[in-house]
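Understanding the architecture of this molecule
The primary structure of each chain is shown beneath.
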Amino acid sequence: MSRGGRHAYGALSVLAAGALVLTGCSKGGSDGGSDGKKDQENAKRQQASIKFGDAADSVGPAPDVPGAKPGGTIEVLQRDSYAHLDPAQIYVSDEGSLASLIHRGLTGYKATSNDGSKHEVVGDLATDSGTTTDGGKTWKYTLKDGLKFQDGSPITSKDVRHTVERLFAPFINQGPTYLQQWLADKPGTEYRNLLKDGPYKGKHLPGSVLETPDDKTVVFHFKTAHPDLPYALAMAGYAVVSEKGDTRERYDKAPVVTGPYKIQSFKSGKSMVLVKNTNWDPKTDPIRHQYVDGFNITFNQQYETSTKALLADSGADQTGVSFNNQVDAGNLSQVLRDPKMKSRTVSGYQPYVGQMNLNMSHPAMKDKTVREAIAYALPITPFVRAYGGNDAMEVAGGVISPTVSGYDAAFDPWGKKKKPAGDSAKARELLKKAGKLNMKLTFGYINTPEGQQYSTAMAAGLKKAGFNVQRQEIPAETYYDQVSKLNNNYDIFHTAWGADWPSASTVIPPLYDGRVIADGAQNYSQVNDPKINSEIDRINKITDPVKSAAEWEKLDQYIVKDVTNVVPTGYYKQTQIAGSKVGGLVYDDVLGAIDPRRLYIK
């Protein structure tokens, strides 16, 4: 999933093997505030297995949050407005946090500790996390009694079927594609041929693929085993959609929701108001709470603005929080060192890896020597510093996060951990060798203070190496929509991706499989390398998780060092604060942010 309006994850179904070693960047911002040992423990914990819960684990209501009481409204300060509300189009982190309040799927992650560090996958709309008798080729789900959409209509297996079938429609192009590919047993975008127009022209998936024999039963049939299905179905992208209320493209702005809160009003780029969904029954929900009366969300609140407001802790901001905004770079060190802020602060290691994409569809980027020159020249120090230095990020070597099994801390092909400011002399030498001195580079950047800061400094580093860099601003709200267009104008641009569960099978295939190149897809660099494609197919068939993790890491190194379609930048951490009257505050490993489902007013 992409970060920063993209990606929170589920978890791997088996324990990861081997010790985890982290390396901090030597330069790049504030020093001394980050607890290295705690970071290591945090990242390693996120590699561990999350079990599949049974029927007893899936019964609502959710366990009480200690000290919680009902009533009140929480003020939410958000940087980015929501580009998508249709669950099938949700694949970014901020929209994922919102989805945890308004959407429900067959499965979900239930917190089993009060600190957000322990979870199990349980039945959400389903009575359990799923049953399989053939190792994962066939999965059966039974819907709970008493489930309703916000309009009071019952949720049935027909809605689940419709939810799955509409994933194949052409206008659904932003969300995850695991389930579609598994059902079609096809890589890349070939899955669409299974049901080209979705259910909208009267055609349906055959019973050999998806069965709904009665109103309560859903059966998935795969040609090959997919034991991770309960994790995939827990993603916001597979939450249920009302067949009766489906307005196709318009559903993206006004969905018929199923969670404890519904959307009373939404002014894109300005505000959103969530109020209680009276047709949500806590007895059916083992995951969510409905403590507060509502959430008032205000957009266009930059990190510095939201941090200062919450630090001031006056008026409405005493009941304020941000679902996704982090503490800004200028205040991060102070917040982490102030003992008075401890009760209002949460921090965690995120699954995201930042990377500068080199647009392989552009002729100039097809020259490997040019790509290597960019890789050497690109300074990482400005990027790390823009978000708060070592307290907020570590310099990355590869595209596999420390939270994902297979991570290799020693991999650093472009010397970024030793020289985070870049090697302009080496880059200039390569650029001269290629005969491309003063070559134009169009650098697309997100129009936030952090984006402005790091892109200016990164562009200066590239210019020093001999590139003619032209920066182009991209609106934050639609940033990922813009950079995922096939015919975008950007030679280089930054994205961040986190595993959907801590296996590199949820990192490398969606980002680097040449067969998934399409408008809205996540192969942002548009790389189409035969070896990458064939290795993805080979490694996906390895059933031993330890062996597959090692093979994914080898492929990671081939991508970064030998293909060089991306330059890794940083491994993310997150620190957030809340007003003094906000209770239930925890950092949730799965959401990769504050858990809004637990919040209450003290």
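Rules used in this analysis
Residues numbered from 1 in each chain as written. Predicted model: local features only at pLDDT ≥ 70, side-chain atom pairs only at ≥ 80, totals over all residues. Heavy atoms only, no water. Helix = DSSP H or I, 4+ residues; strand = E, 2+ residues; numbered from the N terminus. Buried < 20%, exposed > 50% of the residue type's maximum accessible area, 1.4 Å probe, protein only. Areas by Shrake-Rupley, 256 points an atom, 1.4 Å probe, with all protein chains shown as cover. Lys, Arg positive; Asp, Glu negative; His and termini not counted. Charge placed at Lys NZ, Arg CZ, Asp CG, Glu CD. Core = buried A, V, L, I, M, F, W, Y, C linked by side-chain atoms within 4.5 Å. Contact = heavy atoms within 4.5 Å. Pairing = 2+ DSSP bridges. Axes fitted to C-alpha atoms, helices over the stretch in contact; angles between N-to-C directions. Salt bridge = Lys/Arg side-chain N within 4 Å of Asp/Glu carboxyl O. Expected span 1.5 Å × (residues − 1). Arc of directions from axis to C-beta. pLDDT = per-residue confidence, 0-100.

Examining the overall build of the chain
Looking only at helices and strands, one finds 15 helices and 20 strands in the chain. By principal-axis analysis of the C-alpha atoms, the chain measures approximately 70 × 55 × 45 Å. Relative to its 602 residues, the chain shows a buried fraction of 63%. Accessible surface, the chain as shown: approximately 21,600 Å² in total, 49% of it carbon and sulfur. The centroid of the 72 positive side-chain charges in the chain is displaced by 4 Å from the centroid of its 67 negative side-chain charges.

Digging into the nonpolar core
With 133 residues, the main nonpolar core has Leu179, Phe220 and Phe467 as its most contacted residues. Contact partners of Leu179, with chain neighbours within four places excluded, come to Val164, Leu167, Phe220, Phe222, Leu229, Leu233 and Tyr238. Counting residues in each nonpolar core, the second largest holds 26 residues, with Val257, Met272, Val321 and Ile601 among its members.

Considering the sheet that holds strand β11 (residues 345–358)
Reading across the sheet, the 6 strands line up as β12-β16-β11-β15-β13-β14 and stay open at both edges, with mixed pairing between neighbours. Strands with a single pairing partner mark the edges of an open sheet, and in this sheet they are β12 (393–395) and β14 (467–474). For this sheet, the mean inter-axis angle between neighbouring strands, taken without regard to orientation, is 30 degrees. Looking at chain direction, β11 and strand β15 (residues 492–498) are connected through 7 bridges and run antiparallel.

Quick word on unusual backbone geometry
Here the residue pair Gly60 and Pro61 is connected by a cis peptide bond, since its omega of 0 degrees sits within 30 degrees of zero. Mapped onto the fold, Pro61 is located in the loop between α1 (36–47) and β1 (73–77). Here Asp185, not a glycine, exhibits a phi torsion of approximately 55 degrees, which is positive. By the element assignment, Asp185 lies in the loop between α4 (178–184) and β5 (210–211). Even without a glycine there, the phi angle at Arg248 is positive, about 55 degrees. Within the fold, Arg248 resides in the loop between α5 (229–233) and β7 (261–267). Given the relative accessible area of 39%, Arg248 is considered partly exposed.

A few points about the side chain of Glu553
Here Glu553 is to be found in helix α15 (residues 545–563). For the buried Glu553, no salt bridge exists, and the shortest N-O distance to an oppositely charged side chain is 9.1 Å, to Lys417. Aside from chain neighbours lying at most four places away, what touches Glu553 is Ile400, Gly406, Tyr407, Asp408 and Phe411.

Some remarks on the pattern of salt bridges
Counted by the stated rule, this structure contains 25 salt bridges. The salt bridge involving Glu372 is made with Lys368; its shortest N-O contact spans 2.6 Å. Pair noted here: Glu372 and Lys368 are both in helix α8 (residues 368–377), with a separation of 4 residues, about one helical turn. One salt bridge in this structure joins Glu535 and Arg538, with 2.8 Å as the shortest N-O distance. Taken together, the positions of Glu535 and Arg538, both in helix α14 (residues 530–540) and 3 residues apart, correspond to about one turn of that helix. Each of Arg104, Asp124, Asp285 and Arg288 takes part in one network of salt bridges that share partners.

What about helix α11 (residues 449–464)?
The end-to-end C-alpha distance of α11, which contains 16 residues, comes to 23 Å, matching closely the 22 Å that a straight helix rising 1.5 Å per residue would cover. Among all positions of α11, only Glu450, Gly451, Tyr454, Ser455, Met458, Ala459, Gly461 and Leu462 are buried. In a view along the axis of α11, the buried residues occupy a sector of 155 degrees, so they form one face of it. Just beyond α11, the residue with positive phi is Gly466, at close to 115 degrees.

Focus: the confidence of the model for the chain
Mean pLDDT over the chain stands at 92; residues scoring 70 or higher make up 92%. Low pLDDT, under 50, characterises residues 5–34; the predicted model gives this stretch 130 contacts beyond four residues in sequence or across chains.

Observations concerning the pairing of strand β3 (residues 119–123)
Across the 5 residues that make up β3, a large majority, 5, are buried. By the bridge criterion, 5 bridges tie strand β2 (residues 107–111) to β3 in an arrangement that is antiparallel. Along β3, the bridge assignment pairs Lys110 with Glu120.

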